[in-house]
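Listed below are the residues making up each chain.
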Amino acid sequence: MDSTQGSYWIETAPGEAYPPLDGDLDVDVVVVGAGIAGISTAYEVARLGRSVALLEAGTVAGGVTGHTTAKVSALHTLVYDKLRRTRDEEAARLYAVSQSEAIERAAELVDELGIACDWERRDAYTYTHDAGQVPKIRAETDAARAAGLSAELVTDTPLPYPVTAAVKVTGQAQFHPRKYLLALLDDCVARGGRVFEHTPVVGLHEGEPCRVTTESGATVTARDVVVATHYPIFDRSMAFARLSSRRELVVAGPMAAGRDPDGMYITPDEGTRSVRTAPYGSDGQRLLIITGEHFTPGTADTDERFARLTSWATEHFPGVTFTHRWATQDNDPTDTVPLVGPLHHGARHAWVATGFGGWGMSGGIMAGRLLSDLMTGGRPVWADLYDPRRLRTVAREAPAFLQHQAKVGKHFIGDRLHGLDSADEIPPGGGDIVRAGGKQIAVHRDEGGQLHALSARCTHLGCIVSFNSAERSWDCPCHGSRFDVDGKVIQGPATKPLEQREPRHAEPSE
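Worth saying up front: this structure is predicted, and the values here are computed from it rather than measured.

### Observations concerning the state of the cysteines
This model, assessed by the stated rule, comprises one disulfide. Cysteine cysteine 210 is unpaired, with the sulfur of cysteine 188 as its nearest cysteine sulfur at 19 Å. Residue cysteine 210 is classed as buried on the basis of its relative accessible area, which comes to 1%. Sulfur of cysteine 458: no disulfide; nearest cysteine sulfur belongs to cysteine 476 and is 3.9 Å away. According to the relative accessible area criterion, cysteine 458 is buried, its value standing at 4%.

The structure is reproduced here in structure tokens:
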């Protein structure tokens, strides 16, 4: 496919560079991770007059947030009926209230700060083609309406293809995520906030005060620490036992404004398909954005999945040339609801925001409001819903919890049995696991034919990584850590690079 391998959001809003932290710092609050949850939290804290430092291992809004589809919606596929069944109607109502308030908070800030971020109100739809799934759509409509959303069951939508049934919720929104977040950072800095890029955090000492240490050896001392690294980098939260990672692919291309389907759409059918558009260029065109093909990192042929998604997009939107493609990653909690609150049972000044399950835009904004309130003595009525220390709902969702652990165990043990006998079979641009001397080596052959060898053991908990041919990365199927071909961490929870190995170790024995 002739397309740009990279996020449209990052391409069209590069932003300014922030320096790495090069010395010790003392603030009221330190936020680790500058995606939408971390930036929203730092911003809300700064508005309350607290001194705040925001530390990002890469670039701000450049990770998962920079690769989202950027729907700001309270309709999250089929969440309300599930919440009503596994918890109760009050939990579903509080979920709807908190997510809807997040949408309105974003709208308020866009207006107050004059943010030019392509903010648009759109109706949201969850639909199905399958007549057998109509009862689920009907149940979701009833549950969402009972939770307070303006939900209705429809059989016609503005999509250019028929659907069997859909939940429709009006008054939702979409935006350019980086334009929105970079504007928040500008205002945060104007209020005294400090932002640091290329500053990986490797240590956390909880106390009064708390201290975080960076890869360079710098220390930030703060009363409160927020871990907003998408997947928590500190295992003391035990999040690795309650989160499952999945990747989803995105293709995008310009289309005539007259073909705009005028809404935000998602279906759980066909491995998930999500459709929306965004303003594009100066001649009134729209950018068609289609997402789907979710899979566990390190378990699929990503090129094949991209081809499948592009084929579906071309079939359903003929004539559109797809000019961009990228991928995103989400963490699904075993009991449906994000984990936002104290990092663990004994935490007093350490907080976490994770597990947004593919709905990080409204979820991240919600997390910013919730955590800033908790740190300053407030407690929204829906705080308990998101409390990571909850146990009752985890017990109710035990099958999902056990299924996740079984999948991790399968990879941890089974993947150690796989591997090529030598690197001779690896083509230029490819990569694979090679067994040599009783060990597994992650070997990539660059386009010039040179081999690059690394330990195949993920530095998080030791699972065996797999090569992602489309993105040229080593991905861990257990908890979603990702590394580049030189072993550098792209995405946590891992904080240490893959260990270097000599390429000769991957050569066949004489």
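### Brief notes about the pattern of salt bridges
Going through the model one piece at a time under the given rule, you end up with 37 salt bridges. Among the ionic pairs, arginine 87 bridges to aspartate 335, the shortest N-O distance being 3.4 Å. Of this pair, arginine 87 sits in the loop between α3 (79-86) and α4 (89-113) while aspartate 335 sits in the loop between β16 (324-333) and β17 (339-342), and the two are 248 residues apart along the sequence. A residue is classified by how much of its surface remains accessible, and aspartate 335, at 2% relative accessible area, is buried.

### A word on the sheet that holds strand β20 (residues 439-445)
In space, the four strands of this open sheet follow the order β19-β20-β21-β26, with antiparallel pairing throughout. For this open sheet the edge positions go to β19 (431-436) and β26 (500-501), each flanked by a neighbour on one side alone. As paired elements, strand β21 (residues 451-455) and β26 share two bridges and run antiparallel to each other. Pairing of alanine 453 across the sheet is with arginine 501, part of β26.

### So, the side chain of histidine 67
Note that histidine 67 resides in the loop between β3 (52-55) and β4 (71-72). Judged by relative accessible area, histidine 67 falls into the buried class, the value being 18%. Leaving out residues up to four positions away in the same chain, histidine 67 has contacts with Ser7, Ile10, Gly62, Val250, Trp326, Ala327 and Thr328.

Criteria and thresholds
Residues numbered from 1 in each chain as written. Predicted model: local features only at pLDDT ≥ 70, side-chain atom pairs only at ≥ 80, totals over all residues. Heavy atoms only, no water. Disulfide = S-S within 2.5 Å. Buried < 20%, exposed > 50% of the residue type's maximum accessible area, 1.4 Å probe, protein only. Salt bridge = Lys/Arg side-chain N within 4 Å of Asp/Glu carboxyl O. Helix = DSSP H or I, 4+ residues; strand = E, 2+ residues; numbered from the N terminus. Pairing = 2+ DSSP bridges. Contact = heavy atoms within 4.5 Å.

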